[in-house]
Amino acid sequence: MNPSKTPAEILDIGDAEVRVSNPDKVVFPEPGLTKLDLVRYYLSVAEGALRGAGGRPMVLKRFPKGIDAEPFFQKRVPENHPEFIDTATLHYSSGTSAEETVIRDAAGLAWVVNLGCLDLNPHPVRAEDLDHPDELRIDLDPMPGVDWSQIVDVAYVAREVLDDVGLVGWPKTSGSRGLHILVRIAPEWSYSELRLAAETLAREVENRAPGLATARWWKEERGESVFVDFNQNAKDRTVASAYSVRPRPDARVSTPLTWAEVTSTRPEQFTVRSVPERFAELGDPHAGIDDAVGSLEGLLALAKELGPAEKAPRAGDGSGRRVSTMPLIEVARTKTKPEAVAALDEWKARHTDVVPELHPADVLIDGMRGSSSLWYRVRVNLQHIPEAKRPPQEELIADYDPWAGKEWPGRPGS
């Protein structure tokens, strides 16, 4: 036995036994939270966590090396899963399929946490009907330089749009800087109709709050605004569900709120340490979400009124690639975020004369989905730099290829 590991702990949860390996492993050094602490956290909020993730196929986002290392995404359920773990087979647009994990009880929560999962990432469908989503997800994603008060303003505009089309929104913190609004819908529409409805809502929010909110898909065109991320409703996408623990140093939690709390609280108030007491005292603010099922008909009718969304111009060389309207340069492609930040710092050291003129939203560090994990792309938008002073596109400081050595049908570049 490795002397650095403590003996496993067996928990009796309902009618099941769940083995927690290495229970004293510190996962969050700052608040001193261990793996067993995280299991006990999820058990304390199990009713709410299962309301968000229970009965839905989920991608397992695993952090085997802790929050400071990149996670990997596991679509397929582990072969040796216990009997209390259900599964559902999802078919992806790439032509592949995966038998994914479905949890239905507190024992399932403890089991996925023992695998190294921090947040829960379910699809917006029930395991019993994989083709018809029952949840519209509104992800309010602030660009750099945007504060919480602007996110709140945009959330209330989104609520107004939902009211106008007969839908009920249930807000929660994202567990990072943003806010999510969940909407239960009848499972009667396809993924493509769901995404169209979400994009329509985003466009209408932008129309009602120009400058504050944006539905522009391309990051360099958003400015210092709140992006209403409609693509989180595309097939294959998942979002951290209610009561998910996020990989932030303070062990922040994606926490359901009442609408009154949206204006009176801040995301950093909700952590693994504070949420269980709140849950015990107040219960789950989303307790009524399954009784507020609505229709997409209003948003789909609005889509017809608004007409097709504006498309980006394409290259004339036959490649079909989008042509950005902004003066972008690419700095690096890296395996990890710390490497991306280091590459950006190196670029800034080379170009100290222009750095003071950059706006917060001009620096773009994007987490990009690889085959099973994220990689990072670093770009700089030179829109606020006088043309004569703009640095040229240089050789990339780092050029990580997430697809190197991997082959499969539909592989990027194949």
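Each remark here, short or long, concerns the structure printed above.
Below: a short report on this structure.

## Notes on the side chain of asparagine 114
Here is step 1 of the chain: For asparagine 114, the position within the fold is in helix H3 (residues 106-114).
Here is step 2 of the chain: Leave out the neighbours within four places in its chain, and asparagine 114 touches Arg19, Val20, Ser21 and Lys35.

## Side note on the sheet that holds strand E10 (residues 135-142)
Here is step 1 of the chain: Spatially, five strands are ordered E11-E12-E10-E14-E13 in an open sheet, and the strand pairing comes out mixed. The sheet is open, and its two edges are formed by strand E11 (170-173) and strand E13 (213-214), each paired on a single side.
Here is step 2 of the chain: The pairing of E13 with strand E14 (residues 226-229) spans two bridges and is parallel. Bridged to threonine 214 within E14 is phenylalanine 227.

## Concerning the pairing of strand E5 (residues 57-62)
In summary, the side chains of a regular strand alternate between the two faces of the sheet.
Here is step 1 of the chain: Burial within E5 is extensive, with six of its six residues counted as buried.
Here is step 2 of the chain: Residues Pro57, Val59 and Lys61 line one face of E5 and the alternating positions Met58, Leu60 and Arg62 line the opposite face, and both faces are buried.
Here is step 3 of the chain: Inspection of the sheet shows E5 paired to strand E8 (residues 97-102) by two bridges, in the antiparallel sense. Looking across to E8, one finds that methionine 58 is bridged to threonine 101.
Here is step 4 of the chain: Judged from the two bridges that link them, E5 and strand E9 (residues 121-122) form a sheet pairing that is antiparallel. Paired with methionine 58 across the bridge in E9 is proline 122.

## Some points on the nonpolar core
Here is step 1 of the chain: Core analysis: the biggest nonpolar cluster contains 90 residues, and Phe28, Tyr41, Val112, Leu140, Val205 and Val228 have the highest contact counts within it.
Here is step 2 of the chain: When residues in this core are grouped by element, the largest group, nine residues, is from helix H4 (residues 148-164).
Here is step 3 of the chain: Those residues in contact with valine 205 that sit more than four places away from it in its chain are Val154, Val157, Ala158, Val161, Ala213 and Val228.

## Observations concerning the sheet that holds strand E16 (residues 363-369)
Pairing between the strands of a sheet comes from backbone hydrogen bonds, and it takes one of two forms, parallel or antiparallel.
Here is step 1 of the chain: Pairing within the open sheet is antiparallel, and its three strands lie in the order E15-E17-E16. Pairing within the sheet leaves two strands with one partner each, and these edge strands are strand E15 (328-334) and E16. Put simply, the sheet's adjacent strands are angled 25 degrees from each other on average, direction ignored.

## Things to note about the environment of valine 168
Here is step 1 of the chain: Mapped onto the fold, valine 168 is located in the loop between H4 and E11.
Here is step 2 of the chain: Counting along the chain gives 17 residues from valine 168 to isoleucine 185, while the straight-line C-alpha distance between them is 9.3 Å.
Here is step 3 of the chain: Non-local contacts of valine 168, meaning those with residues more than four positions away in its chain, are made with Leu182, Val183 and Ala292.

## Things to note about the packing of H4 against helix H5 (residues 191-208)
When two helices pack together, their arrangement is captured by the angle between the axes and the distance separating the axes.
Here is step 1 of the chain: Two elements in contact, H4 and H5, have axes separated by 9 Å at closest approach and are oriented at 120 degrees. One way to sum up the angle between H4 and H5 is to call them oblique. Once H4 is placed against H5, the crossing between them reads as right-handed. Contact residues: Val154, Val157, Ala158, Glu160, Val161, Leu162 and Asp164 in H4; Leu201, Glu204, Val205 and Arg208 in H5.
Here is step 2 of the chain: Its residues assigned to classes, the contact of H4 with H5 comprises seven nonpolar, no polar and four charged.

## As for unusual backbone geometry
Here is step 1 of the chain: The phi dihedral of asparagine 22 falls on the positive side, at around 45 degrees, and the residue is not glycine.
Here is step 2 of the chain: The phi torsion at alanine 251 lies on the positive side, around 55 degrees, for a residue other than glycine.
Here is step 3 of the chain: Structurally, alanine 251 is set in the loop between E14 and helix H6 (259-264).

## Quick look at the packing of helix H1 (residues 35-44) against H3
Here is step 1 of the chain: For the pair H1 and H3, interaxial distance at closest approach is 9 Å and the crossing angle is 155 degrees. By the angle between their axes, H1 is roughly antiparallel relative to H3. As for the relative orientation of H1 and H3, their crossing is right-handed in sense. Contacts between H1 and H3 pair Lys35, Leu38, Val39, Tyr42 and Leu43 from the former with Ala106, Leu109, Ala110, Val113 and Asn114 from the latter.
Here is step 2 of the chain: Residues that form the contact of H1 with H3 fall into these classes: eight nonpolar, one polar and one charged.

## Points about H3
Here is step 1 of the chain: Among the nine residues in H3, eight count as buried, and that is most of the element.
Here is step 2 of the chain: Taken together, the buried positions of H3 are occupied by Ala107, Gly108, Leu109, Ala110, Trp111, Val112, Val113 and Asn114.
Here is step 3 of the chain: Next to the buried residues of H3 lie strand E1 (9-13), strand E2 (16-20), H1, helix H2 (46-53), E5 and E8.

## Observations regarding the pattern of salt bridges
Any two side chains of opposite charge can pair, on the condition that their charged atoms come close.
Here is step 1 of the chain: Enumeration over the complete set of coordinates arrives at 28 salt bridges.
Here is step 2 of the chain: Between lysine 389 and glutamate 357 there is a salt bridge, with its nearest N and O atoms 2.3 Å apart. With lysine 389 in the segment after strand E17 (374-381) and glutamate 357 in the loop between helix H9 (337-350) and E16, the pair connects residues that are 32 residues apart, well separated along the chain.
Here is step 3 of the chain: By relative accessible area, lysine 389 is classed as partly exposed at 34%.

Parameters at a glance
- Residues numbered from 1 in each chain as written.
- Predicted model: local features only at pLDDT ≥ 70, side-chain atom pairs only at ≥ 80, totals over all residues.
- Heavy atoms only, no water.
- Helix = DSSP H or I, 4+ residues; strand = E, 2+ residues; numbered from the N terminus.
- Contact = heavy atoms within 4.5 Å.
- Pairing = 2+ DSSP bridges.
- Buried < 20%, exposed > 50% of the residue type's maximum accessible area, 1.4 Å probe, protein only.
- Core = buried A, V, L, I, M, F, W, Y, C linked by side-chain atoms within 4.5 Å.
- Axes fitted to C-alpha atoms, helices over the stretch in contact; angles between N-to-C directions.
- Parallel < 35°, antiparallel > 145°, perpendicular 65-115°, else oblique.
- Left-handed = near helix turned anticlockwise from the far one by under 90°.
- Nonpolar A, V, L, I, M, F, W, Y, C, P; charged D, E, K, R; others polar.
- Salt bridge = Lys/Arg side-chain N within 4 Å of Asp/Glu carboxyl O.

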